[in-house]
Structure formats: structure tokens, C-alpha cells
Amino acid sequence: MKGFVPTPDFVVDRMVERLFRDRRPSSRSTILDPGCGEGAFVRGILRWRDRNGGPLPRIVGVESDSRRRRRAEREFGGIPEIQIRNADFLADPCDESFDFVVGNPPYVSILELSETEKQLYRTRFSTARGRFDLYLLFFERALRLLNDGGRLVFITPEKFLYVDAASPLRSLLSRFDVEEIDLVDETIFEPLLTYPTVTTVSRRQYSGRTKVIRRNGAIKYIALCGDGQSWMPLIAGESQSRPDSTLGDFCRRVSAGVATGADAVFVLRNEKIDDSLKPFAYPTIAGRELGDGNPRLAAQCSMLVPYSGDGRLIHESKLGSLGFYLRQEGIAQKLVARTCVRRKPWYAFHETPPLRDILNPKILCKDIVASPRFWIDRSGRIVPRHSVYYIVPRNPAVVDDLCEFLNSDLSTAWLRANCQRAAGDFLRLQSRILSRLPIPAEIAARLNSGTDTFQAISENKALDQASRLGASGALDLIR
Ligand SMILES: C[S@@+](CC[C@H](N)C(=O)[O-])C[C@H]1O[C@@H](n2cnc3c(N)ncnc32)[C@H](O)[C@@H]1O
């Protein structure tokens, strides 16, 4: 029953037109529709023949779901050229090859597969790597079954163009002639949001030219890279060559915020922090607080941090009132129950917070966003939570310039083209991607000029001093 999403007729017709463009099928031609469901593409091929005349080629549909296979068989059973097989396209043997492959393979994430299935696919398919999806494997198997000079047209999610897990598929595809990538209308499979793409590939040497049709209708021609890297920068309009400088070059850290492993214990609303805990309290922000309603980054909560300003865990005997708070009944049990403390003291955070870097002027952004937006923590006081990414420029004096650039259309367009997608076309702003953001030469020059390393050094000194004073002292010193 996995992954049934029927293809609307108008999309099927467009894909079948593409399949036979400048290559009319003959009576000896063979066509494969893997994961044929109830036969949407078989019907589409029959409509094409009605419009264009000519003999009916041999058509093989493969469907693992017997109910859908029976429905398709009932419809096409009387046509000798059409065979609907009840088989598993990824596991069952197939001893013939095909001149054409067309279809809408199942979109089934690795998370929905059994351990046995995962094992089987990993041993059989070079595309079953990382967090793979079944449609990647359908691509691989179908390409293997394609005759020389044959053509494949698939509609799939667009994710294979850029996700890391699809890197082996991109390498494989680049050994074929990827003729066209059509980023079709995202409403096709409503209410599902799949960002569909129709890919047309021929089994022959790559011509070095792929036609790309963007969702706004714009057409361009690109040469795909064959090393498995994301194709999105090329599709969105950038060259694949490494830019002169990237965000990572100007930053001492681009990271996800602090994971305490027990925010319910360590993060309290400001009014609940009594004076004795204040030396350990840092203002903290979660992703959901980064919104238009909070333009000045007012933190409603504080994080109690059992680490000194240089990032070292404070010895239990020196925790004072924080130790008293953490040892309370109900709180200590929660901390001890965390798996992360099997190999570290019971009151440690899930990850050691790099406070030396964090407590600097920095830029913050939410981890999953509809549209990227960046905020400045000019005071350097905020300890971001795990749902926030923080960017610490090497030179604190450029934090405004850098933030302005990050909020620019140029940066937004690049992030849109390069970030992984979460549900609802939201972008995941991972540190790996953020660090690769190209910085245009004129911005780089601005970031390089006025470098005030002195300031960075003196701030570090301030932090060293502050670490001896505790958290609130640190905040006063760097304000
Ligand atoms: C996205 S649906 C598309 C159905 C049909 N081609 C259409 O476009 O309307 C994918 C189909 O693949 C079938 N399927 C899933 N895994 C399969 C497998 N391993 N072998 C054969 N078919 C499979 C599902 O049952 C489903 O009918």
C-alpha cells in the first residue's frame, strides 16, 4: 500500500508527449511503467496513440499492490499489448529491458521501511544511502532497465536535486543525458506538498546541456556537474565554482544553539529567577521567539548555566544556590534520567556550550523558517536555544554589515536555492549550508575593512575575566 499518489491526466499527457518527443514508438517498442497504480500512464499512452495514430507498443505496468493491479488489469486486460504485473519493482527479477520508462514512483521515506527492507535495498542499490527515499531507488532500477538510446520520464519530488542523500543518484544521472528538468506547479498533488519535478533522461552520453523550466516559467540551459553535489545552485542561477569567500571565512562560529537536554529545568521565565540564581542566569531565546512581534529580541526567559564563561563545567561543590536548585526533588531525577549524563556529571548539559564563542556580538536565526530572517544580539548576552542558529563574526565590529547582507535578497535567494526543505516549503538553515553562503566581493571588502581585532581580543579578555566572576558579571563586562 506504500506511496499511492495518482497523477492527474493533464500531467500524464504532458509527460507522455515528452516521452515520445522526436521518438515515436513502433510496434516493437517496449514501455515500462513501474509502480503503475491503477494505470494512469497506460491510459495516457493510449490517449497519445488516439491523438497521434500509429501502432500500439508493448506496455508493461508493475504494481506491488494487488488491489490496484487488479483494477488496472480489469481495465486493460483485453488489450494483448498491455501486461500488468503484480511484482515488487525493487526486489523481484526482471529479465527484459525497455525503450521507454514513464511513471510516478512511490515517495516513501526510509522512516516508513522495515529493517529488512532497508538492509535489502542497501545491498542492492547504490542510491540507498543515508536517509534515502524509494523514488531514488526506482530511478536507479529504471535507468538500469533502459535500452541504449531509450528515454525515461519520471515525476518525483524535487528533493533529489539537492539533498545529500540523493548525491549518488545525481552522480548516476550525470552518466546519462539529462535532457530536461521541469519544476512543475507545486499544486499538482494538492493537498500533498511535494514540489514535483518532471525529469527527462535518455540513455546516451550527456550532451552537456540540460533544459531547466523553473516554476515561474523561465527557461534556462545548464551543464550539470557529475560529482554528486547539489544541482540547485546551477538551477537557481549560480555557477558551481567555489566563491572567493563564504560566510564561514568571516565567522568564528556558525552553530545550532545550546542543547541542555532538560530545558524544563534549565530554562525559566525571568520572573521565576530569584536573586541567588541570577549569577548563573543568561537571557535565552528560542526559535519561536524570533518573529516580527519581538523586534528588539526581548528575552522572556533565562537559562541557568552551570558552566563558567570559558565553557568549563563548574564543580558541583561550587554551584552554590544553583546546586541547591538542581538537587531539589523532581528536578534532580529529571536530570539523572537523561541518557546524555551516562558519561558526564548529572547536572551537565546535553552538549557543552561553547560560551567563549557564544558570549559575543552575534547574529541569530530560527532553524526552520518560511523565509530566512536574521537578528542581531549586539550585546552578546543571549544564549540561544537549540532551535536557533547563531553566527559569531570574527570581528564583532562587522555584525551590522553582516546581518544586513544576510537579510538581503541576494542572500535569501541563495539560501532558498541551497537549504534543505522541511514540510510546507520551510527552509532548514543548517550551519553547514550557512557557512557556505557566498559573500560577494564588495561585501567581503566591507567586512575586511575596519577590522578591529583589538576589540575581539579585548572582548575575549573581558570574558576570561568574567568567567571568574560568573555569568552576570560576564554580561556586564561585555555590554
Ligand atoms: C505515486 S503512486 C503512482 C501510481 C500511478 N503510477 C499514478 O501515477 O497514478 C506509486 C505506486 O507505486 C506502487 N509501489 C510502491 N512500491 C512498489 C514496489 N516496490 N513495486 C511496485 N510498485 C510499488 C504503489 O502501490 C503506488 O501504486
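Residues numbered from 1 in each chain as written. Predicted model: local features only at pLDDT ≥ 70, side-chain atom pairs only at ≥ 80, totals over all residues.

Asker: Looking at this structure, how should I read the domain arrangement of the protein?
Answerer: It is common to report an interface's size as the accessible area lost on association of the parts. Partitioning the protein into structural domains gives domain 1 (9-236) and domain 2 (247-478). At the interface, eight residues of domain 1 touch eight residues of domain 2. Its residues assigned to classes, the side of domain 1 that touches domain 2 comprises six nonpolar, one polar and one charged. (Domains from an automatic or database assignment. Contact = placed C-beta atoms within 7 Å. Nonpolar A, V, L, I, M, F, W, Y, C, P; charged D, E, K, R; others polar.)

Asker: Help me understand the site of the ligand, please; the structure alone is not making it clear to me.
Answerer: In the vicinity of the ligand lie 23 residues, with Thr7, Gly35, Gly37, Ala40 and Asn104 positioned nearest. Of all the elements in the fold, those that place two or more residues in the shell around the ligand are helix H2 (40-52) and strand S2 (58-63). (Near = placed C-beta within 6 Å. Helix = DSSP H or I, 4+ residues; strand = E, 2+ residues; numbered from the N terminus.)

Asker: Would you take a moment to explain the nonpolar core for this structure?
Answerer: What tends to happen in soluble globular proteins is that the nonpolar side chains get buried as a cluster. Counting 62 residues, the largest nonpolar core has Val101, Val102, Leu137 and Ala142 as its most contacted members. Top element by residues in this core is helix H5 (residues 134-144). It accounts for eight residues. Beyond its immediate sequence surroundings of up to four residues, Val102 is in contact with Met15, Val16, Leu19, Ile31, Asp33, Phe41 and Val153. Counting residues in each nonpolar core, the second largest holds 52 residues, with Leu290, Leu304, Tyr325 and Leu359 among its members. (Core = buried A, V, L, I, M, F, W, Y, C linked by C-beta atoms within 7 Å. Buried ≥ 20, exposed ≤ 12 C-beta atoms within 10 Å, placed from the backbone.)

Asker: Sorry, what's going on with the sheet that holds strand S14 (residues 362-366) here?
Answerer: Sheet strands pair by backbone hydrogen bonding; their relative direction is either parallel or antiparallel. Strand order in the open sheet made by the four strands is S10-S18-S14-S16, with antiparallel pairing throughout. Each edge of the sheet is formed by a strand with only one pairing partner; in this case those strands are strand S10 (251-256) and strand S16 (375-377). Neighbour to neighbour, the strand axes of the sheet diverge by 25° on average, direction disregarded. Relative to S14, helix H12 (residues 399-406) is tilted by about 25°, and along the sheet it contacts S14, S16 and strand S18 (388-393). (Pairing = 2+ DSSP bridges. Axes fitted to C-alpha atoms, helices over the stretch in contact; angles between N-to-C directions.)

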